[in-house]
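The lines below spell out each chain.
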Amino acid sequence: MPGLLRGVARTAVVAGTATAVSNRVSRRQAGRWAEQNAPAEPAPAAPAQAPAPPPAPGGDDMSTRIDQLKELGTLKEQGILTEAEFVEQKSRILGS
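Residues numbered from 1 in each chain as written. Predicted model: local features only at pLDDT ≥ 70, side-chain atom pairs only at ≥ 80, totals over all residues. Heavy atoms only, no water.

**Student:** Honestly, the overall build of the protein in this entry has me stumped. Any pointers?
**Tutor:** Along the backbone of the protein there are 3 helices and 0 strands. For the protein, the succession of helices and strands along the chain, N to C, is α-α-α. Long-range pairs, those at least 24 residues apart, make up 73% of the contacts in the protein between residues at least 6 apart in sequence. Counting every atom, the protein has about 6,700 Å² of accessible surface; 62% of that belongs to carbon and sulfur. (Helix = DSSP H or I, 4+ residues; strand = E, 2+ residues; numbered from the N terminus. Contact = heavy atoms within 4.5 Å. Areas by Shrake-Rupley, 256 points an atom, 1.4 Å probe, with all protein chains shown as cover.)

**Student:** Please explain the pattern of salt bridges as it appears in this structure.
**Tutor:** In this structure the tally under the stated criterion is 4 salt bridges. For Glu85, the salt bridge identified is with Arg28, shortest N-O distance 2.2 Å. Of this pair, Glu85 sits in helix α3 (residues 83-95) while Arg28 sits in helix α1 (residues 2-37), placing them 57 residues apart in sequence. Since its relative accessible area comes to 26%, Arg28 is described here as partly exposed. Across the pair Glu83 and Lys76 runs a salt bridge whose closest N-O atoms are separated by 2.8 Å. (Salt bridge = Lys/Arg side-chain N within 4 Å of Asp/Glu carboxyl O. Buried < 20%, exposed > 50% of the residue type's maximum accessible area, 1.4 Å probe, protein only.)

**Student:** Honestly, the environment of Arg10 in this entry has me stumped. Any pointers?
**Tutor:** In this fold, Arg10 is placed in helix α1. Between the C-alpha atom of Arg10 and that of Ser63, which follows or precedes it by 53 residues, the distance is 8.8 Å.

**Student:** Even after reading the chapter, I still don't get the packing of helix α2 (residues 61-77) against α3, so can you show me in this structure?
**Tutor:** A packed helix pair is summarised by two numbers, namely the angle formed by the two axes and the spacing between the axes. Interaxial distance between α2 and α3 falls to 10 Å at its minimum, and their mutual angle equals 180 degrees. The angle between α2 and α3 falls in the class roughly antiparallel. Residues Arg65, Gln68, Leu69, Leu72, Gly73 and Lys76 of α2 lie in contact with α3, whose contacting residues are Glu83, Phe86, Gln89, Lys90, Ile93 and Leu94. A breakdown of the residues in the contact of α2 with α3 according to their chemical character gives 5 nonpolar, 3 polar and 4 charged. (Axes fitted to C-alpha atoms, helices over the stretch in contact; angles between N-to-C directions. Parallel < 35°, antiparallel > 145°, perpendicular 65-115°, else oblique. Nonpolar A, V, L, I, M, F, W, Y, C, P; charged D, E, K, R; others polar.)

**Student:** When you look at the nonpolar core in this model, what are you seeing that I'm missing?
**Tutor:** Buried together is how nonpolar side chains tend to be arranged in soluble globular proteins. One finds Val21, Leu72, Leu75, Leu81, Phe86 and Ile93 forming the largest nonpolar core, which totals 6 residues. Sequence-distant contacts of Leu72, that is, excluding residues within four places in its chain, are made with Thr17, Leu81, Phe86, Gln89, Lys90 and Ile93. (Core = buried A, V, L, I, M, F, W, Y, C linked by side-chain atoms within 4.5 Å.)

**Student:** Whenever I open this one, the confidence of the model for the protein confuses me. Can you help?
**Tutor:** The predicted coordinates of low-pLDDT regions are not to be read in fine detail. On average, residues of the protein score 75 in pLDDT, and 72% of them reach the 70 mark or higher. The least confident element of the protein is α1, whose mean pLDDT is 78; the most confident is α3, at 88. (pLDDT = per-residue confidence, 0-100.)

What follows is the structure, encoded as structure tokens:
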């Protein structure tokens, strides 16, 4: 049973991270398109970032954090996350 729970927790972390990154990329792209269409107008303020996914109930918190950090590293290597975004998300994971 613990192995199943760990697998479910890992899937939830990956899905949550992927959703947060996808939303951020969409917002960034929409902002770029808005700048191209109306460069004279100031860009609207970016909405608040999505909170990090909550830890799995009863799961091993350290292994969950390690999995999250691995996923962040992969996203940074792929160029999906900038260095600043990577550092911010890493500090959220380690600070929680």
